[in-house]
Amino acid sequence: MADRTRTPHRTTSRTGRRAALLAVACALAVAGCGGSTKTKAAEHSPRPVRPAPVKAVKPGLPGMPPVLDENDIYAADRPGKLAPEVRDFPSRVYVPNTESESVSVIDPETYKVIETIPVGMQPQHVVPSWDMKTLWVNNDRGNDLTPIDPATGKTGDRVDAHDPYNLYFTPNGKYAIVMASKDKELVFRDPRTMEERKTVPVTCSGVNHADFSADGRYFIVSCEFSGELLKVDTEKMEVIDQQKLPFEGAMPQDVKISPNGKTWYIADMMADGVWILNGDTFAEPKLLPTGKGAHGLYVSRDSKNLYISNRGEGSVSLLDFASGRLVDKWHIRGGGSPDMGGVSADGKVLWLSGRYNAEVYALDTRTGETLAKIPVGQGPHGLAVYPQPGRYSLGHTGIFR
């Protein structure tokens, strides 16, 4: 009896275990099949595609060539990157002598003056045209402009333009802008014939230098004699803001925008430094001391440094764009009065006029060494190194983008 009662119990237990194992196996099989089917279905079913985020880009000035690199507006200015229009021009340095009514032409290979060109009364700057085919000599007190063909070095007939202290071009090439310092005007002219299109009176004194925003829609102007800055709408051709610099006796000079288009630098010869400005907000700028008589501003070919000529102490300060700090200072051998100029096409030499020394300086951009001091006429001012890399010129002694 005992054996019979135990046997059925074992049989039932084994049967139950087999059933349970079978159920588990089936469940696993079903789960496995179901999972496989679901995975394959998921692999072949279309997934919703999320559109890539679109960065809002403010449209530039109509007609302006597109910016090549939003992080570097000087991307077209790399060493030796000459446009087809200027590639065959002989390399020269053109020096306007304000008191000699002439332009000294220097061969940068020999550091010698090879020609002296007679021009009008009190030439202030030699300015490359927007299309880079003409150099305009600004005969300020002569009330005219002398065109020079950079291919041949020959001058053309003078063109009437009252009080042309300095000259700029809108980024789309639509207008030339004469900085009529004494007349207190910004005169928009045809970029080729120089016929007047619109005159904008200003309330500040001594309009002289400028630079344009990255999108070309506005430009900042320095007013030397009243110590002020203007913000001008390029397309509307009207002053939209104005401020007095927070320094007694301020005399702002050259203006230059940073490669990323966010920061403006304005040299001030009385404040002995550069003002750092947010052009978009046009809030009060801060002063960065650089040296006595800060005057000219030039960007290195690699867009890393800003060269600042300190006319009152014969030096050049180097500002690092990335950090916003001064990283070096070069002193001209034997002293001097470095004013306006430009960088050689290969980026190896910084050329500056010696305003009060009747000479021109050539400085090595790697070491700061004074390579040459070249005698020229009296009162050398806004010299132009030509040709230079870039797609078009915004004026002055050569602002290329």
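Heads up: the structure comes first, above all this text.
In what follows, the accompanying structure is described. (Residues numbered from 1 in each chain as written. Predicted model: local features only at pLDDT ≥ 70, side-chain atom pairs only at ≥ 80, totals over all residues. Heavy atoms only, no water.)

Moving on, we get to the packing of aromatic side chains. Geometry of an aromatic ring pair is reported as the spacing of the ring centres plus the angle between the planes. The tally for this structure, following the rule as stated, stands at 9 aromatic pairs. Among the aromatic residues, those joined into a ring-pair cluster are Phe89, Tyr386 and Phe400. Residue placement shows Lys231 over the ring face of Tyr218; its charged tip is 4.3 Å from the ring centre. The lysine or arginine in question, Lys256, covers the ring of Tyr298, its NZ or CZ lying 5.8 Å from the ring centre. (Phe/Tyr/Trp six-rings, centres within 6.5 Å; stacked < 30°, edge-to-face > 60°. Lys NZ or Arg CZ within 6 Å of the ring centre and 35° of its normal.)

One pass over the full model with this rule turns up 14 salt bridges. Arg141 is the salt-bridge partner of Asp140, the closest N and O atoms lying 3.1 Å from each other. Under the relative-accessibility criterion, Asp140 is labelled buried at 2%. We note a salt bridge from Arg355 to Asp339, for which the minimum N-O separation is 3.4 Å. Note that Arg355 is positioned in the loop between strand 25 (349-354) and strand 26 (359-364) and Asp339 in strand 24 (residues 338-343), a separation of 16 residues in sequence. A relative accessible area of 18% places Arg355 in the buried class. Classification of Asp339 as buried rests on a relative accessible area of 0%. Each of Asp140, Arg141 and Asp163 takes part in a single network of salt bridges with overlapping partners. (Salt bridge = Lys/Arg side-chain N within 4 Å of Asp/Glu carboxyl O. Buried < 20%, exposed > 50% of the residue type's maximum accessible area, 1.4 Å probe, protein only. Helix = DSSP H or I, 4+ residues; strand = E, 2+ residues; numbered from the N terminus.)

Here we come to the nonpolar core. Ranked by size, the top nonpolar core spans 26 residues in total, and within it Trp264 and Leu306 carry the most contacts. Elements with a contribution of two residues or more to this core: strand 13 (218-223), strand 16 (252-257), strand 17 (264-268), strand 18 (273-277), strand 20 (294-299) and strand 21 (305-310). Here this core takes 4 residues from strand 17, the largest share from any one element. Once residues within four sequence positions are removed from consideration, Leu306 is found in contact with Lys256, Tyr265, Leu297, Tyr298, Val299, Ser317, Leu318, Leu319 and Phe321. If you look at the next biggest cluster of nonpolar residues, it comprises 23 residues, including Tyr168, Val221, Leu394 and Ile399. (Core = buried A, V, L, I, M, F, W, Y, C linked by side-chain atoms within 4.5 Å. Contact = heavy atoms within 4.5 Å.)

A separate point is the state of the cysteines. Under the criterion given, the structure shown has 1 disulfide. With its sulfur 2.1 Å from that of its partner, Cys204 forms a disulfide with Cys223. Taking the sign of the S-S torsion, -50° for the link of Cys204 and Cys223, the bridge is left-handed. Residue Cys204 is found in the loop between strand 11 (196-201) and strand 12 (207-212), and its partner Cys223 is found in strand 13; the two are separated by 19 residues along the sequence. Accessibility expressed as a relative area gives 0% for Cys204, which makes it buried. (Disulfide = S-S within 2.5 Å.)

Keep in mind that these numbers describe shape and distance, not what the molecule does.
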